[in-house]
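# Structure at a glance
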Amino acid sequence: MTTFNEDSVVIVTGAGSGMGAAMVREFVAEGARVAALDINLTSARRTVDELDNPDRAVAVKVDVADPESVQASIDQVRTWAGRIDVLCNNAGIIDSFQPAHEISLAEWDRTIAVNLTGPFLMARAVIPQMLEQSGGAIINTASIASLSAAGGGTAYTAAKHGVLGLTRQLTFDYGRRGIRVNAICPGATLTGLTMPDGGSDTLPDNEDEIARTPAGRWCQPREIARLAVYLASKDADFIHGAAMVIDGGWLTAARNPI
Ligand SMILES: NC(=O)c1ccc[n+]([C@@H]2O[C@H](COP(=O)([O-])OP(=O)(O)OC[C@H]3O[C@@H](n4cnc5c(N)ncnc54)[C@H](O)[C@@H]3O)[C@@H](O)[C@H]2O)c1
């Protein structure tokens, strides 16, 4: 038996890579139909094409930071599936790890727009449909940078802290109306964000730090996706407004960097 019935519809943003691609795979494997949304339609299509049963998913282009693009993507999903049961607000970008006096306003604005305004815009667009259906689940991919400094730069950390505020306020406003909202706070996970094609001049080298965590290794995207599946399932019915840390012990064992 699968976790979701065959009519269940899941939206995953950032579905073209990393955790989002893994979420598409896991939700389809668990019986759901999945709309794979990404700003990069080619990569979203690749995620769908590589599924064992690609007919259970559709690739849709969206820029989560753009309200019109968000609405157009939701309209497309509704036309395709007629309902929306789960929203995984997963798309995100890393900043260049700059402190406040060095980050450009443009980088600050884009990081906040994608990582914080994006989840808000997506939630705002799907909630009316979920209310009509008397329920749903929203899962926001936050970060250890939602709970501590140094997981990103100024903009990333501020945006990811904001994602927890959004999670809690949505829980307060919609929990009694059948919508459960939770956040996942991953630690260092092997994805395109941490291992970009062609490398990065600004990402810190985390290998030593990761080796010193209790788990002593990187997280795999599938491990995050399995947590998303659980949070979306009926087994998690009592979980509202949580910030689920999945970091191999990074925060527990955090060292003072100074
Ligand atoms: N990788 C990590 O170590 C880590 C740790 C904590 C949190 N996170 C968070 O996990 C989430 C997924 O990241 P990932 O690590 O899988 O990264 P990734 O770079 O592999 O995937 C992110 C995807 O989001 C898409 N995207 C970027 N901007 C978009 C936009 N404006 N609209 C729609 N799609 C957009 C990209 O095209 C890409 O396919 C992000 O929110 C990230 O902040 C990552």
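Residues numbered from 1 in each chain as written. Predicted model: local features only at pLDDT ≥ 70, side-chain atom pairs only at ≥ 80, totals over all residues. Heavy atoms only, no water.

Labelled according to an unreviewed UniProt entry, the protein appears under the name Glucose 1-dehydrogenase, originating from Arthrobacter hankyongi. The protein has a UniProt comment under Sequence similarities (unreviewed entry) that states "Belongs to the short-chain dehydrogenases/reductases (SDR) family." (UniProt positions renumbered as here; feature names shortened; annotations may be inferred.)

## Looking at the site of the ligand
Around the ligand lies a shell of 29 residues, among which Ser-17, Asp-38, Tyr-156, Thr-189 and Thr-191 are the nearest. Measuring from an oxygen atom of the ligand, one finds a backbone N or O atom of Met-19 at 2.9 Å. Val-62 places a polar main-chain atom, nitrogen or oxygen, 3.4 Å from a nitrogen atom of the ligand. The fraction of the free accessible surface of the ligand (830 Å²) that becomes covered by protein chains is 92%. Where the shell around the ligand is concerned, the elements lending two or more residues are α1 (18-29), α4 (105-132) and α5 (154-174). Taken together, the residues of the shell around the ligand break down into 12 nonpolar, 13 polar and 4 charged. (Near = heavy atom within 4 Å. Polar contact = N/O pair within 3.5 Å; in protein donor to acceptor, adjacent residues only side chain to side chain. Areas by Shrake-Rupley, 256 points an atom, 1.4 Å probe, with all protein chains shown as cover. Helix = DSSP H or I, 4+ residues; strand = E, 2+ residues; numbered from the N terminus. Nonpolar A, V, L, I, M, F, W, Y, C, P; charged D, E, K, R; others polar.)

## Considerations on the pairing of strand β2 (residues 33-38)
Taken across its 6 residues, β2 has 5 buried, putting it largely inside the fold. Note that strand β1 (residues 9-13) and β2 share 5 bridges and pair parallel. Opposite Val-9, over in β2, you have Arg-33 as the bridge partner. Between the parallel pair β1 and β2, the chain is carried across by α1, and the sense of this crossover is right-handed. Bridge count for β2 against strand β3 (residues 57-61) is 5 bridges, and the pairing is parallel. Paired with Leu-37 across the strands is Val-60, a residue of β3. (Buried < 20%, exposed > 50% of the residue type's maximum accessible area, 1.4 Å probe, protein only. Pairing = 2+ DSSP bridges. Right-handed = clockwise from strand over helix to strand, strands pointing away.)

## With respect to the environment of Gly-241
For Gly-241, the position within the fold is in the loop between α7 (221-232) and β7 (243-246). Taking the C-alpha atoms as reference points, Gly-241 and Leu-166, separated by 75 residues in sequence, lie 9.5 Å from one another. Setting aside its immediate chain neighbours within four residues, Gly-241 contacts Thr-167, Arg-168, Thr-171, Val-181 and Asn-182. (Contact = heavy atoms within 4.5 Å.)

## Some remarks on the packing of aromatic side chains
Remark: the centre distance and the inter-plane angle together describe each pair of aromatic rings, the angle taken between the planes. Per the stated rule, a full pass over the model turns up 1 aromatic pair. Plain terms: the ring middles of Phe-4 and Phe-27 are 5.5 Å apart, the flat faces sit at 35° to each other, and that makes the pair tilted. Taken together, the residues span a long stretch of sequence, with Phe-4 in the segment before β1 and Phe-27 in helix α1 at a distance of 23 residues. The class of Phe-4 is buried, set by a relative accessible area of 8%. Against the face of Trp-80 rests Arg-33, its NZ or CZ located 4.3 Å from the ring centre. (Phe/Tyr/Trp six-rings, centres within 6.5 Å; stacked < 30°, edge-to-face > 60°. Lys NZ or Arg CZ within 6 Å of the ring centre and 35° of its normal.)

## Section: the sheet that holds β7
Either a parallel or an antiparallel arrangement is found when strands of a sheet pair, and the pairing is made through backbone hydrogen bonds. With respect to topology, 7 strands assemble into an open sheet ordered β3-β2-β1-β4-β5-β6-β7, the strand pairing being parallel. Either end of the sheet is taken by a strand with one partner, and the two such strands are β3 and β7. Here the strands of the sheet are splayed against their neighbours by 20° on average, with no regard to which way each runs. Strand direction decides the pairing type here: strand β6 (residues 179-186) and β7, joined by 4 bridges, are parallel. Following the sheet pairing, Ile-184 is matched in β7 by Met-244. Sitting on the sheet, α1 is in contact with β1, β2, β3, β4 (86-89), β5 (136-141) and β6, with an inclination near 170° to β1. (Axes fitted to C-alpha atoms, helices over the stretch in contact; angles between N-to-C directions.)

## With respect to the environment of Phe-97
By the element assignment, Phe-97 lies in the loop between β4 and α4. Note on Phe-97: relative accessible area 23%, which makes it partly exposed. Setting aside its immediate chain neighbours within four residues, Phe-97 contacts Ala-150, Gly-151, Gly-152, Gly-153, Thr-202, Leu-203 and Pro-204.

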